[in-house]
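# Summary of the model geometry
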Amino acid sequence: MKFNDGKSAYGPGVEFGEKGISESAWRTAHSLHRNGDVYPTHGVGPIATMFDINRGNRFSTLTSSATKAVGLNRYIVNHPEGGPHHPNASLKWKQGDVITSTIETSNGETIIVTHDCNSPRPYSLGFRVQGSAGLTEFDYHMKRIYVEGQSPEHSWEEMDAYLEKYDHPLWKKHGTYAEGSGHGGMDFFVDHAFVEIVKRKLEAPLDAYDAAAWSAITPLSELSIENNGDPQNFPDFTRGRWMKREPVFALGDDF
């Protein structure tokens, strides 16, 4: 990905490894040696909590596909610090520019996760949630919703009125204070929840089982791509306890 200041998604310049700066010191090497979704957790995390993954539901299978790898080479060749004769311009990148993974859940939902960090595009999270009665799309630059029977026929609505009406109690309570804390205010709420569970000796709303399930997307996507898109089964890290664990989505205002 190339931004207006000439930096890539992995750091400035065209070097990586020992010569790299910031994330390029380690992250770029994954694109050189691996072909899979090496960064699935930010994308799948919110959806996993919405679908009660590990709490009455679980990831069951995954299939993945990869496009060809041309983005990073093009970035190096066209960069003012690079060029067609730069040593890194001859590297053979393994990771496809876009990795698309489709996850099936035990409750019958489908989740599509995309890794797209090697192509030039404006920054976008591209979240979309669609159900039997409507759908919503939300990002930093766009928030829109369609609710069957409520929204104008075949027309999007702005989400502001819905956000005001259904905003979570924690956002109403701490939203102003949280502004500027990072990730649109979410960093404050993550830290706040951690402090509260430690103080009250409660179970963490997101735990090692969630981290394992979300992170498993990486090796499973590599296996699926390596085997021409064959479905890969998710391990049950909870050993069956997901069937009895309580959902945690939209925790109450006591956190």
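Refer to the structure printed above.
Now for a description of the structure that goes with this document. (Residues numbered from 1 in each chain as written. Predicted model: local features only at pLDDT ≥ 70, side-chain atom pairs only at ≥ 80, totals over all residues. Heavy atoms only, no water.)

## Here's the deal with helix α6 (residues 186–200)
The terminal C-alpha atoms of α6, which comprises 15 residues, lie 21 Å apart, in line with the 21 Å expected from a rise of 1.5 Å per residue. Once α6 finishes, lysine 201 follows within two positions and takes phi at roughly 55 degrees, a positive value. (Helix = DSSP H or I, 4+ residues; strand = E, 2+ residues; numbered from the N terminus. Expected span 1.5 Å × (residues − 1).)

## What to know about unusual backbone geometry
Even without glycine at this site, lysine 201 takes up a positive phi of about 55 degrees. As for its placement among the helices and strands, lysine 201 is situated in the loop between α6 and α7 (208–215). We classify lysine 201 as exposed; its relative accessible area is 77%. Even without glycine at this site, arginine 239 takes up a positive phi of about 55 degrees. Using a relative accessible area of 77% as the deciding quantity, one classes arginine 239 as exposed. (Buried < 20%, exposed > 50% of the residue type's maximum accessible area, 1.4 Å probe, protein only.)

## Topic: a nonpolar patch on the surface
On the surface, Tyr123, Leu125 and Tyr140 cluster together to form a nonpolar patch covering roughly 350 Å² of accessible area. Inspection of the secondary structure puts leucine 125 in the loop between β3 (110–115) and β4 (127–131). Classification of leucine 125 by relative accessible area gives partly exposed; the value is 41%. (Patch = residues over 30% accessible without salt bridge, like charges linked within 9 Å, V, L, I, M, F, W, Y side chains within 5 Å. Areas by Shrake-Rupley, 256 points an atom, 1.4 Å probe, with all protein chains shown as cover. Salt bridge = Lys/Arg side-chain N within 4 Å of Asp/Glu carboxyl O.)

## What to know about the packing of helix α5 (residues 169–178) against α6
For any two helices packed against each other, the geometry comes down to the angle between their axes and how far apart the axes lie. It is the contact of α5 with α6, at a shortest axis distance of 9 Å, that shows an interaxial angle of 120 degrees. Judged by the twist between their axes, the crossing of α5 over α6 is right-handed. Here α5 contributes Leu170, Trp171, His174, Gly175, Tyr177 and Ala178 to the contact with α6, which in turn contributes Met186, Phe188, Phe189 and His192. Of the residues that constitute the contact of α5 with α6, the class distribution is seven nonpolar, three polar and no charged. (Axes fitted to C-alpha atoms, helices over the stretch in contact; angles between N-to-C directions. Left-handed = near helix turned anticlockwise from the far one by under 90°. Contact = heavy atoms within 4.5 Å. Nonpolar A, V, L, I, M, F, W, Y, C, P; charged D, E, K, R; others polar.)

## Looking at the pairing of strand β5 (residues 134–138)
Bridge count for β4 against β5 is five bridges, and the pairing is antiparallel. For valine 129, the partnering residue across the bridge sits in β5 and is threonine 136. Connecting the antiparallel pair β4 and β5 is a turn made up of two residues. Relative to strand β6 (residues 143–147), β5 is paired through five bridges, and the arrangement is antiparallel. Within β6, the position partnered with threonine 136 by the bridge is isoleucine 145. The turn joining β5 and β6, which pair antiparallel and follow one another in sequence, is formed by four residues. (Pairing = 2+ DSSP bridges.)

## A look at the pairing of β6
Two elements, β6 and strand β7 (residues 157–158), share two bridges in a ladder whose sense is antiparallel. For arginine 144, the partnering residue across the bridge sits in β7 and is glutamate 158.

## Remarks on the packing of aromatic side chains
Scanning the entire structure with this criterion turns up six aromatic pairs. Plain terms: the ring middles of phenylalanine 59 and phenylalanine 234 are 5.1 Å apart, the flat faces sit at 45 degrees to each other, and that makes the pair tilted. Of this pair, phenylalanine 59 sits in strand β1 (residues 59–66) while phenylalanine 234 sits in the segment after β8 (232–233), placing them 175 residues apart in sequence. Pair check on accessibility: phenylalanine 59 and phenylalanine 234 agree, each one buried. Residues phenylalanine 188 and phenylalanine 189 carry aromatic rings whose centres are separated by 5.1 Å and whose planes lie at 80 degrees to one another, so their mutual orientation is edge-to-face. Both residues of the pair, phenylalanine 188 and phenylalanine 189, count as buried. Each residue in the set Trp171, Tyr177, Phe188 and Phe189 is aromatic and connected to the rest through ring pairs, giving one cluster. (Phe/Tyr/Trp six-rings, centres within 6.5 Å; stacked < 30°, edge-to-face > 60°.)

## Examining α7
Turning to α7, its buried residues are Asp210, Ala213 and Trp214. Buried positions in α7, seen along its axis, are confined to an arc of 95 degrees and lie on one side of it. On its buried face, α7 is in contact with α2 (41–50), β1 and α8 (217–226). Where α7 begins, one side-chain oxygen reaches toward the backbone nitrogen of tyrosine 209, 3.1 Å away; that side chain belongs to aspartate 207. (Arc of directions from axis to C-beta. Polar contact = N/O pair within 3.5 Å; in protein donor to acceptor, adjacent residues only side chain to side chain.)

## Remarks on the side chain of serine 151
Tracing the chain through its elements places serine 151 in the loop between β6 and β7. A distance of 2.5 Å separates the side chain of serine 151 from the side chain of glutamate 157, its partner in a polar contact. Not counting chain neighbours up to four residues away, the residues in contact with serine 151 comprise Ile145, Tyr146, Glu157 and Tyr162.

## What about the nonpolar core?
In terms of nonpolar packing, the biggest core is built from 16 residues, with Val44, Phe59, Ile103, Ile111 and Phe234 touching the most fellow members. Looking at this core, the elements with two or more residues in it are α2, β1, β3, α7 and α8. If you tally residues by element for this core, the top one is α2, at three residues. Non-local contacts of phenylalanine 59, meaning those with residues more than four positions away in its chain, are made with Val44, Ala48, Ile53, Ile103, Glu104, Thr105, Ile111, Ala213, Trp214 and Phe234. (Core = buried A, V, L, I, M, F, W, Y, C linked by side-chain atoms within 4.5 Å.)

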